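# A structural walkthrough
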Amino acid sequence: MLLECDTCSAVVKAEVLISYVDENPYDWVDSTQYTFCKCPQCHSPILASQEYGMSAGEIDWSSPIKIYPANLFYINPVIPFKILDSLKECIQCYKSGSFTATVIMCRRTLEGFCIEKGVKEKNLDRAIKKLKEEGAINE
Ligand SMILES: [Zn+2]
C-alpha cells in the first residue's frame, strides 16, 4: 500500500500489519476499511482509511488516505482551483525543504486569493490591507 511516510518524507510501499472493516449494517457500500501499516524504511506507524465505492467504473476500495500521523496541513476543499494548485505546490516545497520556493509559492497563493476576492492592488501589502478593510480577512 503506497503511503507517505512523514519521517522519511517520501511515498513508501507501507507494510500492512492488520486491516479492519467498519461495515455499515444498512449499506455495505458505505463501509470504511482501516489499515495499520509500518514504513519499511524507518518502521514508523501509519494508519490509513479507504472508503468502499465506485472507483474507475468498478466497486472497490478507494485509494488509501493517511489518517495517522495526521497531515500537517489541512486544505479546505472549497478553495478555488487556481489557488489550490499554488497552495499544494507551496506545501510540496515546504516538505522538500525548499524554503525560498515555499515563500514564493505562499506569496503566489496570497496574490491569487486577493485576485479571487476582487482586489487588484499590485502591492501585496496594500492588497492585504484592502482585504482587511473590506472584511474579507481578519487579524
Ligand atoms: Zn519512513
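Residues numbered from 1 in each chain as written. Predicted model: local features only at pLDDT ≥ 70, side-chain atom pairs only at ≥ 80, totals over all residues. Heavy atoms only, no water.

## A closer look at the overall build of the protein chain
As a reminder, the rule being used: Runs of E in the DSSP output that reach at least two residues are strands. Runs of H or I that reach at least four are helices, and both are numbered from the N terminus. C-alpha atoms define the radius of gyration in this analysis, and the globule rule sets the expected value at 2.2 Å times the number of residues to the power 0.38. For every residue, the accessible area obtained with a 1.4 Å probe (protein chains only) is divided by the maximum for its type, and the residue is called buried under 20%, exposed over 50%, and partly exposed between those limits. Two residues form a contact once any of their heavy atoms are found within 4.5 Å. We get accessible surface area from the Shrake-Rupley algorithm with a probe of 1.4 Å; when it comes to residues, only the shown protein chains can shield them. Only four residue types enter the charge count, namely Lys and Arg as positive and Asp and Glu as negative; His and the chain termini do not. For the purpose of locating charges, the reference atoms are NZ of Lys, CZ of Arg, CG of Asp and CD of Glu.
In terms of helices and strands, the protein chain carries 3 helices and 7 strands. Going from the N terminus to the C terminus, the protein chain shows its helices and strands as β-β-β-β-β-β-β-α-α-α. In summary, the protein chain has a C-alpha radius of gyration of 20 Å against a globular reference of 14 Å for 139 residues, an excess of more than 25%. With the principal axes as the frame, the protein chain shows a C-alpha extent of 55 × 40 × 30 Å. By the burial criterion, 23% of the 139 residues in the protein chain qualify as buried. A separation threshold of at least 6 residues defines the contact pool for the protein chain, and within that pool the share at least 24 residues apart is 26%. In the form shown here, the protein chain has an accessible surface area of approximately 9900 Å², with 55% of it arising from carbon and sulfur atoms. For the protein chain, the distance from the average position of its 15 positive side-chain charges to the average position of its 19 negative side-chain charges is 12 Å.

## Let's talk about the packing of aromatic side chains
This is how it is decided: Planes of paired rings set the category: under 30 degrees apart is stacked, over 60 is edge-to-face and the rest tilted, where pairs are Phe, Tyr or Trp rings (Trp by its six-membered ring) whose centres lie within 6.5 Å.
Tallied over the full model, the rule gives 3 aromatic pairs. Ring centres of Tyr52 and Trp61 lie 4.8 Å apart, and the angle between their planes is 65°; this geometry places the pair in the edge-to-face category. Owing to a relative accessible area of 19%, Trp61 belongs among the buried residues under this scheme. Both rings, one in Phe73 and one in Tyr94, keep their centres 5.7 Å apart while their planes meet at 85°; by these two values the pair is edge-to-face. Here the residue Phe73 occupies a position in the loop between β7 (65–68) and α1 (81–95), and Tyr94 occupies one in helix α1, the gap between them amounting to 21 residues. Through a chain of ring-to-ring contacts, the aromatic side chains of Phe73, Tyr94 and Phe99 assemble into a single cluster.

## Side note on the domain arrangement of the protein chain
Quick reminder of the rule: Segment limits for the domains were obtained from an automatic or database-derived domain assignment.
Assigned domains of the protein chain: these are domain 1 (2–68) and domain 2 (81–133). Of note, the centres of domain 1 and domain 2, computed from C-alpha atoms alone, are 32 Å apart.

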